[in-house]
Amino acid sequence: MLRSTCNGPKATMEGTLMDAPSKEFALAGSLEELKIKGRLVVHGGHRPILVIYDRGRVFALDNRCPHMGFPLERGSVEDGILTCHWHHARFDLESGCTFDLWADDVPICPVEVRNGDVWVKTNFTHADLAAHWRQRLANGLAHNLDLVIAKAMHGQLAAGVPQAEIVRQVALFGAQNRDGWGVGLTILTALANILPVLPEEEAYLALFHGARRVAADCDGEAPRRERAPLGSRPDPAALKRWLRRWTNVRHREAAERTLLTAIAAGFAPAELADALFAAETERAFADTGHSLDFINKAFECLDLIGWQHAAALLPTVIGQMVAARGAEESTAWRQPVDLVALCKESTSELADLFAAGRGSRDWSGHAALAQELLGDDPARIVDALKEAIRAGTAPADLGQSLAYAAALRVARFGNANEHADWETAHHVFTYANAVHQMLTRMGTASTDTHVTAVRGVLHGTMALYLARYLNVPPARIPGDGGEQLDDLPVDPETIGAALLNAFDRQRQVDLAARLVARHLTLGHSLQALIATLAHAVLREDAGFHAYQMLEAGVRQFGAWGDTDEGRHILIAVARYLAAHSPTERASLQTADIARRLMRGGELHQEAGSS
Ligand code: FES
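Residues numbered from 1 in each chain as written. Predicted model: local features only at pLDDT ≥ 70, side-chain atom pairs only at ≥ 80, totals over all residues. Heavy atoms only, no water.

Draft legend 1. Spatial organisation of the side chain of Ser 581. One can find Ser 581 in the loop between helix 24 (564-579) and helix 25 (586-599). The class of Ser 581 is buried, set by a relative accessible area of 7%. Among the polar contacts made by the side chain of Ser 581, one reaches the main-chain carbonyl oxygen of Leu 577 at a distance of 2.8 Å. With residues near it in sequence (within four places) discarded, Ser 581 still touches Phe 503, Arg 505, Gln 506 and Glu 540. (Helix = DSSP H or I, 4+ residues; strand = E, 2+ residues; numbered from the N terminus. Buried < 20%, exposed > 50% of the residue type's maximum accessible area, 1.4 Å probe, protein only. Polar contact = N/O pair within 3.5 Å; in protein donor to acceptor, adjacent residues only side chain to side chain. Contact = heavy atoms within 4.5 Å.)

Here is the structure:
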């Protein structure tokens, strides 16, 4: 008997059984027995196989429903359609293909009838596993099917597909299937950035979350329409000027074509960053910082998947950049102090200040400057920045100070604030992190670059200033002043378990902070602590900001290392996460079901026993 397949291995021709390695086949029973019972289940070291007799033909399928693993032997067969009764998914009995996409296809396997006995091939493998799971991931992304995405992610990793290749596939899908960069691509990139510090199981979850959020972002969206670069090759200064102009007048088409021209002309990533940063900071703290964060993430995504994809990916940030609402339209930035005017006045002095400071590069006052940035007088904050520039501080160093100061806002966030206020503190921190990353990328090429670059720092300091009351009164930061926290566990495993336990309950913000401080003051593994924090996010149905907070925290911790400042940053991350945990963890359940189905074990043995 020969059967065709939509998702399984090639069927075996009747009569070739004896040529095949016998270990690949298992005896299901006699054909007569199958005819009488209608169905048999073959157990063994392989996944359970359901053999069905229907209208003169024999079929063999994975007995575990591809949706949640319930036994298909309990289902009904009618008119060539197998129905699973748990959630009523329907499958074509011959091919295993589903009529209900959310349930996924059932793997099928070749079956042989020889000398009155029914044999099934127990190996469900594919000739090219990587290609098979790549196609399945494409299907899952296209139809926004979390379960299919999870299985495909697991399948690709098991087939040895490099993580960067999976990120590339998802990122390009996201860039092509919605009209602009979105939350999903930001989450994908943030999680891909921390893959190197994650254990294998967490990498699977990280890629799954990134992909599912990209798929959700694209679901129902119109695909992106390509634009072309200009036919000419203007010089870099002209392209930078044009990009700023088109952003000011909100001319998206013109801005996209200008950027594409810069890419086609072979601009280096640092030059592209300079041009986009200058255009973006034409408006202050646009879209509460999200617009700049998205731009930074697009650059980081290209670092991960390769700059040959710049023309496909980078223009996706333009739509939001030109449409973003700047803080200059916000009352809080205008009254009682006109912070926008203060930033503009300061910008006009920057070129001279940078010229004065040129040559002195041994500045190490990051932490001290951060404390000044946390002040409550905006003019003095700006003066502190100017003084640092005069002392020769590079823009990236200013960005690092700003990011640390913003982390302190979160670390000292008072518990008496409204819950929604966490997001205000969060926005400043992720914006400051994006400023720091972009300024690092841009380097120290020219004074003109410095002047436009520092506009981002100025805007960040004003956003930080406006959030000052979130630290009134300030939460105490555990571990400061040599505090040992001796009431807490000692060994790292117990501390880690206690930390996860704290995230299991609502409002354990201070306990989470103390446990992080305890881990660090005892000198335990930094990587283990970061992995625990990552696990705390990846097991949740985390919100967009939680992913941002985790990644920005890990980035900033990387800049400071195992210092007091590094401890403050990880405490900020832990406090934010504790304030937003736990959730329902529905995605974790999907990922877990997919993992167990992929590993071949039985998921619901009791339900299957009759
Ligand atoms: S439809 Fe079969 S387990 Fe849900």
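Draft legend 2. Quick look at the packing of helix 22 (residues 526-538) against helix 23 (residues 544-560). Between helix 22 and helix 23, the least distance of the axes is 10 Å, while the angle of their chain directions is 170°. By the angle class used here, helix 22 and helix 23 are roughly antiparallel. Of the residues in helix 23, those touching helix 22 at Leu 526, Ile 530, Leu 533, Ala 534 and Val 537 are Ala 546, Tyr 547, Leu 550, Val 554 and Phe 557. Its residues assigned to classes, the contact of helix 22 with helix 23 shows ten nonpolar, no polar and no charged. (Axes fitted to C-alpha atoms, helices over the stretch in contact; angles between N-to-C directions. Parallel < 35°, antiparallel > 145°, perpendicular 65-115°, else oblique. Nonpolar A, V, L, I, M, F, W, Y, C, P; charged D, E, K, R; others polar.)

Draft legend 3. Structural view of the sheet that holds strand 5 (residues 76-78). With respect to topology, three strands assemble into an open sheet ordered 5-6-7, the strand pairing being antiparallel. With partners counted over all chains shown, the strands left at the sheet margins are strand 5 and strand 7 (90-92), one partner each. Geometrically, the sheet is characterised by an average inter-axis angle of 25° between neighbouring strands, direction not taken into account. When strand 6 (residues 81-83) meets strand 7, the two strands line up antiparallel, connected through three bridges. Of the residues in strand 7, the one forming a bridge with Leu 82 is Phe 91. (Pairing = 2+ DSSP bridges.)

Draft legend 4. Local environment of the side chain of Asp 274. Mapped onto the secondary structure, Asp 274 falls in helix 9 (residues 269-280). Overall, Asp 274 belongs to the buried group, its relative accessible area being 12%. Only 3.0 Å separates the side chain of Asp 274 from the side chain of Lys 240, close enough to count as a polar contact. Ignoring anything within four residues of it in the chain, the contact list for Asp 274 reads Lys 240, Met 442, Thr 449 and Thr 452.

Draft legend 5. Seen up close, the packing of aromatic side chains. Per the counting criterion, the structure on display carries eight aromatic pairs. Ring plane angle 25° and centroid distance 6.1 Å describe the contact between Phe 285 and Trp 333, whose orientation is recorded as stacked. Here Trp 333 lies in helix 13 (residues 331-334) and Phe 285 lies in the loop between helix 9 and helix 10 (290-305), a separation of 48 residues in the sequence. Taken individually, Phe 285 and Trp 333 each receive the classification buried, so the pair is uniform in this respect. Each ring, one from Trp 422 and one from Tyr 576, has its centre 6.0 Å from the other, and the planes form 85°; the classification is edge-to-face. Of this pair, Trp 422 sits in helix 18 (residues 421-442) while Tyr 576 is found in helix 24, placing the two residues 154 residues apart along the sequence. Comparing Trp 422 with Tyr 576, the two get one shared label, buried. An aromatic cluster is built from Phe 285, Trp 333 and Tyr 431, whose rings are joined through pairwise contacts. The ring of Phe 208 is capped by Arg 212, whose NZ or CZ atom sits 6.0 Å from the centre of that ring. Here the basic side chain of Arg 468 rests over the ring of Tyr 465, its NZ or CZ set 4.0 Å away from the ring centre. (Phe/Tyr/Trp six-rings, centres within 6.5 Å; stacked < 30°, edge-to-face > 60°. Lys NZ or Arg CZ within 6 Å of the ring centre and 35° of its normal.)

Draft legend 6. Here's a closer look at the sheet that holds strand 4 (residues 57-62). With antiparallel pairing, the three strands of this open sheet are ordered in space as 2-3-4. The open sheet has two edge strands with one neighbour each: strand 2 (39-42) and strand 4. In this sheet, adjacent strand axes meet at a mean angle of 20° when their direction is disregarded.

Draft legend 7. Broad picture of the pattern of salt bridges. Per the counting criterion, the structure on display carries 44 salt bridges. Between Arg 567 and Asp 480 there is a salt bridge whose closest N-O contact spans 2.9 Å. Within this pair, whereas Arg 567 is found in helix 24, its partner Asp 480 is found in the loop between helix 19 (447-466) and helix 20 (492-503), the two being separated by 87 residues in sequence. By relative accessible area, which is 33% here, Asp 480 ends up partly exposed. Between Arg 514 and Asp 487 there is a salt bridge, with its nearest N and O atoms 2.9 Å apart. Here Arg 514, found in helix 21 (residues 509-521), pairs with Asp 487, found in the loop between helix 19 and helix 20; they are 27 residues apart in sequence, far enough to count as distant. On the accessibility criterion, Asp 487 (57% relative accessible area) is exposed. What emerges from the salt-bridge pattern is a single network uniting Asp 179, Arg 224, Arg 227, Arg 252, Glu 253 and Glu 256. (Salt bridge = Lys/Arg side-chain N within 4 Å of Asp/Glu carboxyl O.)

No statement about biological role is implied by the geometric values presented.
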